[in-house]
Amino acid sequence: MRVLRRGDGGPAVAEVRSTLAALGLLPPVTGPAEQVLFDPLMEGAIRAFQQQRGLITDGLVGPATYRALRDATHQLGGRPLAYMVSAPITGDDVLTLQERLLELGYDAGRPNGVFVGQTEAALRNFQRDYGLTVDGICGPETVRALRQLSPRARGGRPVLLREQERVRRSGPRLRGKRIVIDPGHGGADTGIVAGDVTEAALMWDLASRLEGRMVATGMEALLSRGPDQCPDESERARFANDAGADLVLSLHTDANSSPHAQGVASFHFGTGNGATSTLGEAMAGLIQRELAKRTGLRDCGTHPKTWDVLRLTRCPAVRIEIGYLSNAEDRARLVDPAFRDVVAEGIVVAVKRLYLLGENDQPTGTFSFADVMAHELLARG
Ligand SMILES: [Zn+2]
C-alpha cells in the first residue's frame, strides 16, 4: 500500500479518517470521499493512535499503522473468531479474547491479537469446562459465557476463581445436579475376571449404590447402560452429552500381570502437555483423596488421559480405577458389599466438595453422608 501523509487526499484517506472517527479520535467524516484531506488534525489523531499502540509516532499511515487501525475496529463479538492456519485472524477482538482467557487461567499464550493454535487450544479448554459446544470457535455462545463471568475473576488463583464462578452459577447444593454414572463394561464384555467375580458386575453393583445415595441427596443420577448392555465409549459420552450431564463418573477396576500391583487411581481429560479439563482435574483430585483416605486402597494418584469417555464428554468427567482385581488384598475389599458402600459414600462426599469449594470445609475422610444430607436440608429453601 501507498504510505499516506499530510497533504494527501482521496478515498484511501477517507477510509482511514472514518476509522479514526469510529475510534473516537476524530469527528465524523462529512462530504464526498474524494474531497477528504489528510490535514494537521488528522495527523495529530494518527500520532495519538500510534502512541497508544506503541508504534513509531511519525504521523504517517504505513503498513503497520494501517494494520493496527484495522485491528482496532474489531470488538469482541463483532465477528466469529477461529484458527485459520494459512491466514491467522488478527484484531483487538482476538486480543480481548486472549486476555480474558488468561485472566481465567487458560494458557492462551502471549496476548498479541493474533488467533494462533494456542489461542484455539485455550478456547477449547474454556468451552469444555463451561459446558459449551467445544468447537474452538469464538461465536455468540462463547462471547456470552465470557461476558457473564464476573469482573471479580481477575488476578487471583485461576483454578480457584474458575471454581468460584462455577459455584456462583450453580450453587453449592447437590439438588438438581445431573450426574451420569458409567459402570464400565457390561453384557458380553465382563471386563476383568477374577475367580467368580467380574469387573462388570462389581461396577454395576457399585453404580447402584452410588445412584441410591445421589438420588437421596436430590441429585439426578442416570446410568449410562443397562445391566446387560455394553455401549462403546463414544456412545457413553454421547449419552452424557444428550442428557446434559453436569458430571460423568466412570467406574472401573484394574488388573495387572503382577499380583503386587494395587491401589486406586483417578483420571481426567488432559493431554499431558498442559491442556487439561480444570474441573475434571479438580473432581479427580477430590475423589482420589477421599477414596485413598477412606478405603485403605493404595493412592496411585490422578492422571490426565485422552480416553474417549473423558475426551468426548462436554462436562467434566472422571474415570476411577478402584483397586486391582488381580491383587488379593484389593479383591478381598472389592467383594465386600460394605466396602463398596464406603466407596460410594466417598464419591458422593467428593462430588459435594466440588460444589462446596472450600465452604464448610472438613478434613478429607471425615465428611459423612449424613453431613451431606444435613447440609442439603440446611441449604434448602
Ligand atoms: Zn475396566
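From a predicted model like this one, the values you see are computed outputs, not experimental measurements.

Chemist: Describe in detail the overall build of the protein, supporting the description with residues and values.
Modeler: For the protein, the count of helices and strands is 14 helices and eight strands. Per-residue burial over the protein gives 48% buried out of 381 residues. Put simply, of all contacts in the protein between residues at least 6 apart along the chain, 66% involve residues at least 24 apart. Accessible surface for the protein amounts to roughly 17200 Å². Of this, 52% is attributable to carbon and sulfur atoms.

Chemist: Before we move on, could you go through the confidence of the model for the protein and cite the residues and values that matter?
Modeler: Within the protein, residue pLDDT values average 86, and 89% of them lie at 70 or more. Ignoring residues within four places in sequence, the model shows residues 150–161, a span with pLDDT below 50, making 13 contacts including any to other chains.

Chemist: Describe the coordination of the zinc ion, with residues and values.
Modeler: Around the zinc ion, the protein contributes the donor atoms H185 (NE2), E199 (OE) and H252 (ND1), at 2.1 Å from the metal centre. For the zinc ion, the single-chain donor residues occur in sequence as H-x13-E-x52-H. Of this pair, E199 sits in helix α8 (residues 199–216) while H252 sits in strand β5 (residues 247–254), and the two are 53 residues apart along the sequence.

Chemist: So what about helix α5 (residues 117–129)? Which residues, and what values?
Modeler: The end-to-end C-alpha distance of α5 is 19 Å, a good match for the 18 Å that 13 residues give at a rise of 1.5 Å each. G131 sits one or two residues past α5 and shows a positive phi near 70°.

Chemist: Summarise the side chain of S266; cite the residues concerned and give the values.
Modeler: Assignment of secondary structure puts S266 in strand β6 (residues 264–269). For S266, the side chain forms a polar contact with the side chain of Q288, separated by 2.8 Å. Look past the residues within four positions of S266 in its chain and what remains in contact with it is A284, I287, Q288, G301, T302, H303, V318, R319 and I320.

Chemist: For the packing of helix α4 (residues 92–103) against α5, give the residues involved together with the corresponding values.
Modeler: Viewed as axis vectors pointing N to C, α4 and α5 meet at an angle of 55°, and their least axial separation amounts to 10 Å. When the interaxial angle is binned, α4 and α5 end up oblique. Judged by the sense of rotation from one axis to the other, the crossing of α4 with α5 is left-handed. Packed against α4, whose contacting residues are L97, Q98 and L101, the element α5 presents T119, A122, L123 and F126 at the interface. Looking at the contact of α4 with α5, its residues break down into five nonpolar, two polar and no charged.

Chemist: Give me the lowdown on helix α13 (residues 337–356), citing residues and values where you can.
Modeler: In a regular helix each residue adds 1.5 Å, so 20 residues correspond to 28 Å; α13 covers 29 Å between its end C-alpha atoms and thus fits that length. Buried residues dominate α13, accounting for 15 of its 20 residues. At the N-terminal boundary of α13, the capping side chain belongs to D336, with an oxygen 2.9 Å from the backbone nitrogen of A338.

Chemist: Would you mind going over the nonpolar core in detail, with residue names and values included?
Modeler: The biggest cluster of nonpolar side chains holds 46 residues, and the ones touching the most others in it are M214, L251, I347 and V351. Broken down by secondary-structure element, the contributors of at least two residues to this core are β1 (178–183), α8, β4 (220–223), β5, α10 (278–295), β8 (317–324), α13 and α14 (369–379). With 11 residues, α13 is the largest single contributor of residues to this core. With residues up to four places along the chain from it excluded, the contact list for I347 reads L210, M214, L249, L251, L291 and I320. One finds L76, I89, L101 and A122 within the second-largest nonpolar core, a separate group that totals 19 residues.

Chemist: Describe the packing of aromatic side chains, and please don't skip the residues or the numbers.
Modeler: Within the structure shown, the criterion is met by three aromatic pairs. Ring geometry for Y106 against F126: centres 5.8 Å apart, planes inclined by 90°, an arrangement best described as edge-to-face. In this pair, Y106 is assigned in the loop between α4 and α5 and F126 in helix α5, connecting sequence segments 20 residues apart. A relative accessible area of 3% means that Y106 is categorised as buried. With 4.8 Å between their ring centres and 50° between their planes, F267 and W307 make a pair best called tilted. With F267 in strand β6 and W307 in the loop between β7 (299–305) and α11 (308–311), the pair connects residues that are 40 residues apart, well separated along the chain. By relative accessible area, F267 is classed as buried at 9%. Three or more aromatic residues link up through ring pairs in this structure, and these residues are Y106, F126 and Y130. One residue, R319, lies across the ring of W307, its end atom 4.5 Å from the ring centre.

Chemist: Describe the environment of T364, listing the residues and the values that go with them.
Modeler: Looking at where T364 falls in the secondary structure, it is placed in the loop between α13 and α14. Its relative accessible area of 26% is what places T364 among the partly exposed residues.

Chemist: Give a detailed account of the environment of G187, specifying residues and quantitative values.
Modeler: Among the structural elements, G187 can be located in the loop between β1 and β2 (193–194). For the pair G187 and P231, spaced 44 residues apart in sequence, the C-alpha to C-alpha distance is 9.1 Å. Here G187 is in contact with P227, D228 and Q229, once residues within four sequence places are set aside.

Scoring rules and cut-offs
- Residues numbered from 1 in each chain as written.
- Predicted model: local features only at pLDDT ≥ 70, side-chain atom pairs only at ≥ 80, totals over all residues.
- Heavy atoms only, no water.
- Helix = DSSP H or I, 4+ residues; strand = E, 2+ residues; numbered from the N terminus.
- Buried < 20%, exposed > 50% of the residue type's maximum accessible area, 1.4 Å probe, protein only.
- Contact = heavy atoms within 4.5 Å.
- Areas by Shrake-Rupley, 256 points an atom, 1.4 Å probe, with all protein chains shown as cover.
- pLDDT = per-residue confidence, 0-100.
- Donors = N, O, S within 2.8 Å, 3.2 Å for Na, K, Ca; no water.
- Expected span 1.5 Å × (residues − 1).
- Polar contact = N/O pair within 3.5 Å; in protein donor to acceptor, adjacent residues only side chain to side chain.
- Axes fitted to C-alpha atoms, helices over the stretch in contact; angles between N-to-C directions.
- Parallel < 35°, antiparallel > 145°, perpendicular 65-115°, else oblique.
- Left-handed = near helix turned anticlockwise from the far one by under 90°.
- Nonpolar A, V, L, I, M, F, W, Y, C, P; charged D, E, K, R; others polar.
- Core = buried A, V, L, I, M, F, W, Y, C linked by side-chain atoms within 4.5 Å.
- Phe/Tyr/Trp six-rings, centres within 6.5 Å; stacked < 30°, edge-to-face > 60°.
- Lys NZ or Arg CZ within 6 Å of the ring centre and 35° of its normal.

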